[in-house]
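Given next are the chains, with one letter for each unit.
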Amino acid sequence: MKVLLHQTRREVEVRGPRTVKALLNRLDLVSESVLVIRGDQLLPDEERLRPDDFIEIRPVISGG
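As a starting point, this report considers the structure included with it. All values derive from a computational prediction rather than experimental measurement. (Residues numbered from 1 in each chain as written. Predicted model: local features only at pLDDT ≥ 70, side-chain atom pairs only at ≥ 80, totals over all residues. Heavy atoms only, no water.)

## Quick notes on the overall build of the protein
What counts is decided by this rule: Secondary structure follows DSSP: runs of H or I at least 4 residues long count as helices, runs of E at least 2 residues long count as strands, and numbering of each begins at the N terminus. Partly exposed describes any residue whose relative accessible area lies between the buried limit of under 20% and the exposed limit of over 50%, with all areas from a 1.4 Å probe on protein chains only and scaled to the type maximum. The contact criterion used is simple: two residues touch if any of their non-hydrogen atoms lie within 4.5 Å. Only the protein chains shown count as cover for residues, with accessible areas throughout obtained via the Shrake-Rupley method and a probe of 1.4 Å. As used throughout, the charge tally considers Lys and Arg to be positive and Asp and Glu to be negative, leaving His and the chain termini uncounted. By convention, charge coordinates are those of NZ in Lys, CZ in Arg, CG in Asp, or CD in Glu.
Looking only at helices and strands, the protein features one helix and seven strands. N-terminal to C-terminal, the α/β element order of the protein is β-β-β-α-β-β-β-β. For the protein, the C-alpha atoms occupy an extent of roughly 40 × 25 × 25 Å along the three principal directions. The buried share among the 64 residues of the protein stands at 31%. Within the protein, contacts between residues at least 6 apart in sequence are counted, and of these 50% link residues at least 24 apart. About 4400 Å² of surface is accessible on the protein, with carbon and sulfur atoms providing 48% of the total. The averaged location of the 11 negative side-chain charges in the protein is 5 Å from the averaged location of its 11 positive side-chain charges.

## Looking at the sheet that holds strand E5 (residues 41–42)
Adjacent strands of a sheet form backbone hydrogen bonds with each other and so pair up, either parallel or antiparallel. The condition is simple: Here the rule is simple: two strands pair whenever DSSP picks up at least two bridges between them.
Within the open sheet, the five strands sit side by side as E2-E1-E7-E4-E5. Their pairing is mixed. Strand pairing shows two members of the sheet lacking a second neighbour, strand E2 (10–13) and E5, which therefore form its edges. Bridge analysis of strand E1 (residues 2–5) against E2 gives four bridges, and the strand direction is antiparallel. Note that in E2 the partner of Lys2 across the bridge is Glu13.

Remember that the coordinates give geometry; whether it matters functionally is a separate question.
So this is what it looks like as structure tokens:
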């Protein structure tokens, strides 16, 4: 699957089907600090990813 990381603006290739949580662990990211998006859908940690997915990972930004 292709993964676009917005925080560092890089794209990586990740092999094999896995869950969102496993993907974040592989990339050394904390799930509470990022949003994982497939298309226009926000994905929960337990969502199963497919090898042909294109996933975006965006940092959580808060403001007031």
